[in-house]
Amino acid sequence: MASRIEILNDGGFRSDGRKQYELRDISFDLSPQSSADGSASVSHGLTQVVVSVFGPREAKMRRETIHDRANINVEVNVAPFSAGERRRRGRGDKRILEFGSIIKSTFEPVIQTSLYPRSQIDIYVQILQQDGGVLQACVNATTLALASAGIPLLDFVCAVTGGVHSTSPLLDLTTLEENDVPHVTVAVMPRTGKVTLVTMETRLHVDRFEEIFRLACEAGKVLHKEMRAAVRERTGVLVAAIGAAPRGTSAGMDAGDRDVVMDERIDDY
Amino acid sequence: MVDITIKKRSQTDAVVTQRKFFKKTARGKVIKVLRERYLRDDVPCGIQDCQACQGPGMLPSAGESAHPSFSTGHFVLPDTNVFLSQMDLMESNLFSPPTILLQTVLDEVRHRSLPLYNRLKALAKADDKRIWIFYNEYRSETAIIREEGETPNDRNDRGIRKATSWYQSHLPRGRSASPSHQPKVVLLTDDAANRRKAEAEGLAASSVRRYVEGMKDATQLLDVLVSVGDDAIEPTRAVAARSALYSEYLPTATVLAGVKSGQLHQGHFNANAYNYLEGSVNVPAFAKPILLVGRENMNRAVNGDVVAVEVFDETEWKAPADEVIDQESTLKNDDAEDSEEEGEGEEVLGQEKKALRSDEKARPPSEKQPTGRVVGIIKRNWRAYVCHIDTASLSTTLPTSLSQQTVFATPVSRLLPRIRLRTRQAPQLLAQKILVTIDRWPATARYPEGHFVRALGRAESKDAEQESLLLEFDVPYRPFGRAILACLPVEGEGWVVPPKSAAAPEWRDREDLRGLTICSIDPPGCQDIDDALHARQLPNGNIEAGVHIADVSHFVLPDNPMDSEAAARGTTVYLVDKRIDMLPSLLGTNLCSLRPHVERLAFSVIWELSPDAEIVNVRFTKSVIASKAAFTYDEAQLRKDDVHMRDELTQSIRLLNSLAIKLKAGRMAAGALNLASPEVKIHLDSSESSDPIEVEQKELRETNSLVEEFMLLANISVAKKIQDTFPQTAVLRRHLPPPRTNFEKLQDILKKRKGMTLDVSSSGALAASLDKCIDPKEPAFNTLVRIMATRCMLSAEYFCSGSVSRDTFGHYGLATPIYTHFTSPIRRYADVLAHRQLAASIAHAPLHPSLHSKSHVERVLDVVNRRHRMAQMAGRASVEFYVGLALKARGEREQGLVQEEAFVIRTFRNGLNVFVFKLGIEGLVMFKREIKFDVDNYTVTIPAELTGKSDATIAVFDKVTVNIEIEKDKNTQRGKVKMTLAKPVDSRNL
């Protein structure tokens, strides 16, 4: 049946009614979850991921501590009901370990680990529903969770999947599309334009790669606006709750100013 | 940079935009399916100057006002069933109202039939049509969801109606005209229920027939209309439950008991190459093969399977169909994925029924054959088949697509059904030859299911064609392994016959014949020379003649790896540009090959013959010879004919020739048949490029017959000897007399067309009557009759003398009571066995115990027989391939059609089978238009109204001129020889 669905029809529509460069509906929820220091729930279309961040805190295992920086520990859990086929994946599952290590290596250069020597930052990723672009959702959710935990980051990390159908590039693929077209996931730091992650598991023609890569980087910047707005809104809510900020819209302004300051500092760097 | 946006989906309309459901797969797994849909307002309606959409438009804003029923202008919005059943109408260039094609309709067509979908897509792009595809499922106003208890079909109908009403309300927005003068959107559907509902909603609806009747070109268009019975409701079927298409097989025990008791019959299933709905099974109980008509009766048997057949009551017996039914053309609209989900498509069944239409009254009862059905499979003989992927069955042909698709693989052999397989690399495999094996054929599936094994390479590339040929005929072609090569003499190329001494094992019990003037005569370029001859006058007036055969059994010892490999290969296979050896080439082309001027081991048969070629005495001995010359047939012929040559070699050839003439005369007198088979020779450009340059018929010279006669004589003498010594296990060859019934058809044709009779009472009588079949105007006619007679005969086979009764030993074609193969041990394994038995019978070496065992000999000979048959077919197929290439080259060179003379050898209801002498190929001329066919007189008549001239009647044996083209099949990319008549009538448009 799957093969019966046209990836991109003659009218330029994809199977879910989007056009080539349209991303799916995204939603961010930064409200705290249980005892986590920071958490974020992100959904891209029907893909849904929750990330909780604990720390920086003392490592449970002494041998895992590193003397000059914090150790990042990523654990991924895929809910058995998340994918089409019900399947329980153990912790030792190679696929899941790989996933965790991809997320870890994506964030290692972004988190300012040297500020927290001999400590550990735990990132727990829960994949609740999969409909393509699981990795991008995990990366985006981790960024937001780290931010909400107050862990200093050099920049946002925004990930998008890009694919190519024949010669037409597509962005933000669903499971259906991922099964059919070669695709690449790119995580970009929008302010500097640096890329911390490029991964693909399918073959992609080298001539097409650059086009899609650039497109994914652009899309990362679009995502960044959304994510920054979400962080700003959350901060506004918190600030209002504390009551320390002036009333009304100025709370948002305040947070925005700080953001600008941070921008400048990074530019100096 | 392009505009990247995030498509927001409001949480409130989640009901319309999100779908989560569970479905159960065929295997019983439950799978969760998640789908979402983004509804938008920017899907353009396609009407020119539409203010609301601002999109591109191609439909005129006023619609079409030529139709009398809708004089204010109208647009047509067809339902799915219109495209499914009236595609021809939609494609007609007389039918071009502005048409709105809904996405719902497009998707439904796609699900129902991919070929139709592809036609529809091409139609939507055509310049002379005004078709706009409206993506109604993505437009927020027209998107709908399936309601509780609603069938998918009803949902689609509702969607179509909703889109119609939206369009109707959308139209006025761009214009100011009053509602009464508004153009209408007309829902075109043959589904009466849908029409009724549409009218209830205040929409304009019409059936196709009524709509067409109102058009100005109605008369022409009504012909195109498929008659679905006026306004008969043909609701688009929902997915039907999977029902069994075939009856289940009986349990194995029942089948075996049935065969044993004689109620069922066991035999090999032979598919019919001309008619895929027919097959036959040869069984001992009937003189004629049992006919299996139709898919259900063939019941999933594949060519080569051993099946159990139940024979129907005699009143139901039928005659074989006289029509060519091509699987590809009949089933071209069949869908690879469809048959998995929906069972039988009715259209297909209808077509097959039509194809099987029987006109039993017209057929004489003598033509009727026992008819039955397959009730069980005793043994499947499935193997890997060389196939092409059928392009039309692909849902996407984009090379980047990685999606899994179900596609059809069409086997190269016409005897096999299409195979369904699932693959992720279908687009890459197009235009390639691939290997596919059948996995299973469930009773619920119309086609067998298989899987992809590997790709052989581009179709029509020589390597791929060659390999596919070898695979198709099951020829083992891998290089010899190390264990086999280890059996070769350690000296390798440097091996020579050691100097004569009592101590040398090579010289034990060997005669020294190095002094004789021995020569070999072979075709040009022959490397594996396995026979040489000599003759000399004896003082007593008699003649000594000798045949010396390469002593292969000296090198190939019983029961070692090389021997087992040779037994498994059975024979050397000759393709046009390649030879697949039975023995490693060191032996075949060097150590065993009786090359000139080197000493070689041989096995000699030496006769003392009277000047009248009567055998006075014969003896067999192992020997050492040194051939004095290696001639080609032509060289030997020239030498013999040159009166100035008086050397010993020439004398020897002349002596042999004079004896051969007498031997041949004696053989003919005994009733040997002079048969003919179409043999052509391919001239290759050079050994490197192997591009065929020309095709030429093989010429036979006197010297061919010289060698042949002595080889026959040697074989017969050896056969007598080993049969005497080993009455239980001698390796012999026989040719059973053909059953008379085989000739009935040919006799009848000859009698009716030419007034000639064929006496088949014995081989002698047959030979005599064949000699009389002469058409003075047409010298090739005799050869044609001989070729056709040859086809009526059985094929010769090896057998073990202990396994059949003594009176069936005879060789029908050669008219000798006993025969074996002894003279080509380099290329035939049976000869190696005969060598061993002969060596044992002259007490040269003890016989290996395996050759004392009847069952072992039988087993080996079974393999050899099969390989022999396959090798012949492979060789023929290779020639055919090269003839095809040569034709193609010729067509390009001559820039146009290749025309050749051909003879009609068979007539069908809708075609002719012709034989092109010059190229040695057979071809089918098909007529698409109705022609008159006279079964009894074997003629077809092409009526005058088709050609514009007078009626042209063509009968079997008539000489016609055909155009020969190499046509690439659109779907499978395989080159096909396509023939059309050029004379007496041009049939290109028929």
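- Identification of chain B as Ribosomal RNA-processing protein 44 from Neolentinus lepideus HHB14362 ss-1 is taken from an unreviewed UniProt entry.
- Word for word, the UniProt comment on chain B under Sequence similarities (unreviewed entry) is "Belongs to the RNR ribonuclease family."

- Per an unreviewed UniProt entry, chain A goes by Ribosomal RNA-processing protein 41 and derives from Neolentinus lepideus HHB14362 ss-1.
- As recorded by UniProt, the Sequence similarities (unreviewed entry) comment attached to chain A reads in full: "Belongs to the RNase PH family."

## Observations concerning the sheet that holds strand β5 (residues 71-78) of chain A
Residue and element names in this part refer to chain A.
Next up, step 1: The five strands lie next to each other as β2-β3-β4-β6-β5, forming an open sheet whose pairing is mixed. Strand pairing shows two members of the sheet lacking a second neighbour, β2 (26-29) and β5, which therefore form its edges. Each adjacent strand pair in this sheet contributes to an overall mean axis angle of 15 degrees, direction not counted.
Next up, step 2: Judged from the seven bridges that link them, strand β3 (residues 38-44) and strand β4 (residues 47-57) form a sheet pairing that is antiparallel. Looking at the pairing, Ser 39 lines up with Ser 52 of β4.
Next up, step 3: Packing against the sheet, helix α2 (residues 134-148) makes contact with β2, β3, β4 and β6 (120-129), and its axis sits at approximately 150 degrees to β3.
Next up, step 4: On top of the sheet, helix α4 (residues 206-242) reaches β2 and β3; it is set at about 30 degrees to β2, its chief contact.

## Describing the sheet that holds strand β7 (residues 158-165) of chain A
Residues and elements named next belong to chain A.
Next up, step 1: One open sheet holds the four strands; their spatial order is β8-β7-β9-β10, and the pairing between them is antiparallel. Looking along the sheet, the strands with just one partner apiece sit at the ends: β8 (168-171) and β10 (194-199). Taking each pair of neighbouring strands and ignoring which way they run, the sheet shows an average axis angle of 25 degrees.
Next up, step 2: Lying over the sheet, α2 contacts β7, β9 (183-189) and β10, oriented at roughly 165 degrees with respect to β7.

## Looking at the pairing of strand β12 (residues 306-311) of chain B
Residues and elements named next belong to chain B.
Next up, step 1: Judged from the five bridges that link them, strand β9 (residues 264-271) and β12 form a sheet pairing that is antiparallel. Directly across from Leu 264, in β12, lies its bridge partner Glu 310.
Next up, step 2: Relative to strand β13 (residues 372-379), β12 runs antiparallel, the two being bridged by six bridges. By the bridge assignment for β13, Val 311 is matched with Gly 372.

## As for the environment of Ile 26 of chain A
Next up, step 1: Of note, Ile 26 of chain A is situated in strand β2.
Next up, step 2: As for Ile 26 of chain A and Glu 226 of chain A, which are separated by 200 residues in sequence, their C-alpha atoms are 8.6 Å apart.
Next up, step 3: Once residues within four sequence positions are removed from consideration, Ile 26 of chain A is found in contact with Ser 43, His 44, Leu 223 and Glu 226 of chain A together with Ile 6 and Lys 8 of chain B.

## Notes on the packing of helix α24 (residues 741-754) of chain B against helix α26 (residues 780-792) of chain B
Residues and elements named next belong to chain B.
Next up, step 1: In contact at an axis separation of 8 Å, α24 and α26 are set at 155 degrees when each is read in the N-to-C sense. Relative to α26, the element α24 is oriented roughly antiparallel. Contact residues: α24 offers Asn 742, Phe 743, Leu 746, Leu 750 and Lys 754, while α26 offers Phe 781, Val 785, Met 788, Ala 789 and Cys 792.
Next up, step 2: A per-class count over the contact of α24 with α26 returns eight nonpolar, one polar and one charged.

## Concerning helix α16 (residues 462-472) of chain B
Residue and element names in this part refer to chain B.
Next up, step 1: In terms of residue burial, α16 counts as a mostly covered element, since nine of its 11 residues are buried.
Next up, step 2: Close packing links the buried residues of α16 with β14 (384-389), β17 (432-440), β18 (449-458), β24 (579-580) and α28 (854-894).
Next up, step 3: Asp 474 occupies a position one or two residues after α16 and carries a positive phi of about 60 degrees.

## Regarding the confidence of the model for chain A
Residue and element names in this part refer to chain A.
Next up, step 1: On average, residues of chain A score 86 in pLDDT, and 89% of them are at 70 or above.
Next up, step 2: Considering only residues more than four positions removed or in separate chains, one finds that residues 249-257, a stretch of pLDDT under 50, has four contacts.
Next up, step 3: Note on residues 260-269: pLDDT under 50 across the span, and six contacts to partners over four residues away in sequence or across chains.

## A word on the interface of chain A and chain B
Next up, step 1: Contacts between the two partners involve 47 residues from chain A, matched on the other side by 44 residues from chain B.
Next up, step 2: Of the charged contacts in the structure, one is a salt bridge between Glu 6 of chain A and Lys 121 of chain B, with a shortest N-O distance of 3.5 Å.
Next up, step 3: Joining chain A to chain B, the criterion identifies 18 residue pairs in polar contact (both at pLDDT 80 or more).
Next up, step 4: Those elements that place two or more of their residues in the side of chain A that touches chain B are β1 (22-23), β7, α3 (175-180) and α4 of chain A.

## Focus on the packing of aromatic side chains
In this description, a pair of aromatic rings is defined by centroid distance and the angle of the planes.
Next up, step 1: Using the criterion set out here, one finds 20 aromatic pairs over all chains in the structure.
Next up, step 2: When the ring of Tyr 274 of chain B is compared with that of Phe 908 of chain B, the centres are 5.2 Å apart and the planes differ by 50 degrees; the resulting orientation is tilted. Residue Tyr 274 of chain B is found in the loop between β9 and β10 (278-281), and its partner Phe 908 of chain B is found in strand β31 (residues 898-908); the two are separated by 634 residues along the sequence.
Next up, step 3: The buried category is assigned to Phe 908 of chain B, whose relative accessible area is 1%.
Next up, step 4: Plain terms: the ring middles of Phe 408 of chain B and Tyr 447 of chain B are 4.7 Å apart, the flat faces sit at 70 degrees to each other, and that makes the pair edge-to-face. Of this pair, Phe 408 of chain B sits in strand β15 (residues 405-411) while Tyr 447 of chain B sits in the loop between β17 and β18; the two residues are 39 residues apart in sequence, bridging distant segments of the chain. Of the two residues, Phe 408 of chain B and Tyr 447 of chain B, neither departs from the other in class, the shared state being buried.
Next up, step 5: Following the ring pairs from residue to residue traces out a cluster consisting of Phe 13 of chain A together with Tyr 135 and Tyr 138 of chain B.
Next up, step 6: It is Arg 418 of chain B that lies over the ring of Phe 408 of chain B; its NZ or CZ is 4.3 Å from the centre.
Next up, step 7: One Lys or Arg, Lys 754 of chain B, reaches over the ring of Phe 781 of chain B and ends 4.9 Å from the middle of that ring.

## Quick look at the packing of helix α21 (residues 633-641) of chain B against helix α23 (residues 702-725) of chain B
Residues and elements named next belong to chain B.
Next up, step 1: Contact geometry of α21 with α23 gives a least axis separation of 8 Å together with a crossing angle of 105 degrees. In terms of axis orientation, α21 runs roughly perpendicular to α23. Seen from α21, the contacting residues are Tyr 633, Ala 636, Gln 637 and Lys 640; seen from α23, they are Glu 702, Thr 703, Asn 704 and Val 707.
Next up, step 2: Classifying every residue of the contact of α21 with α23 gives three nonpolar, three polar and two charged.

## What about the side chain of Thr 621 of chain B?
Residue and element names in this part refer to chain B.
Next up, step 1: The residue Thr 621 is located in strand β26 (residues 615-632) in this model.
Next up, step 2: A relative accessible area of 9% places Thr 621 in the buried class.
Next up, step 3: Polar contacts involving the side chain of Thr 621 include one to the side chain of Glu 511, which spans 3.4 Å.
Next up, step 4: Once residues within four sequence positions are removed from consideration, Thr 621 is found in contact with Glu 511, Ala 602, Phe 603, Ser 604, Ile 606 and Ile 842.

Parameters at a glance
What you see as residue numbers is a count from 1 along each chain, following the sequence as written. Throughout, the order in which chains and ligands are written sets their labels, letters from A for the former and numbers from 1 for the latter. Where local features are concerned, this predicted model is filtered to residues with pLDDT of at least 70; where side-chain atom pairs are given and counted, the filter is 80 or more; whole-chain, interface and lining totals use all residues. Neither water nor hydrogens contribute to the side-chain values; these are computed over all heavy atoms in the structure. UniProt positions are given in the numbering used here, feature names are shortened, and annotations may be inferred rather than shown by experiment. One requirement defines pairing of two strands: DSSP has to find at least two bridges between them. By definition, any uninterrupted DSSP run of H or I lasting at least four residues is a helix, any uninterrupted run of E lasting at least two residues is a strand, and each is numbered from the N terminus. Only the stretch in contact is used when a helix axis is fitted, and all axes are lines through C-alpha atoms; the angle between N-to-C directions ranges over 0 to 180 degrees. Throughout, a contact is declared for two residues whenever any of their heavy atoms are within 4.5 Å. In what follows, roughly perpendicular refers to angles from 65 to 115 degrees, roughly parallel to angles under 35, roughly antiparallel to angles over 145, and oblique to any angle outside these ranges. Polar here means any residue other than Ala, Val, Leu, Ile, Met, Phe, Trp, Tyr, Cys and Pro, which are nonpolar, and Asp, Glu, Lys and Arg, which are charged; Gly is therefore polar. Buried means the residue's accessible area, taken with a 1.4 Å probe over protein chains only, is under 20% of the maximum for its type, while exposed means over 50%, and partly exposed covers the values in between. Per residue, pLDDT measures the predictor's confidence, with a range of 0 to 100. By definition here, a salt bridge exists when the distance from a side-chain nitrogen of Lys or Arg to a carboxyl oxygen of Asp or Glu is within 4 Å. Identification of polar contacts relies on pairs of N or O atoms within 3.5 Å, with a donor-acceptor requirement for protein atoms, meaning one able to donate a hydrogen and the other able to accept it, and with residues adjacent in sequence counted only if both atoms are side-chain atoms. To pair, rings of Phe, Tyr and Trp, with the six-membered ring standing in for Trp, must have centres within 6.5 Å; the planes then decide the type, stacked if under 30 degrees apart, edge-to-face if over 60, and tilted in the middle. Note on geometry: a ring has a charge over it if NZ (lysine) or CZ (arginine) is within 6 Å of the ring centre and within 35 degrees of the ring normal.

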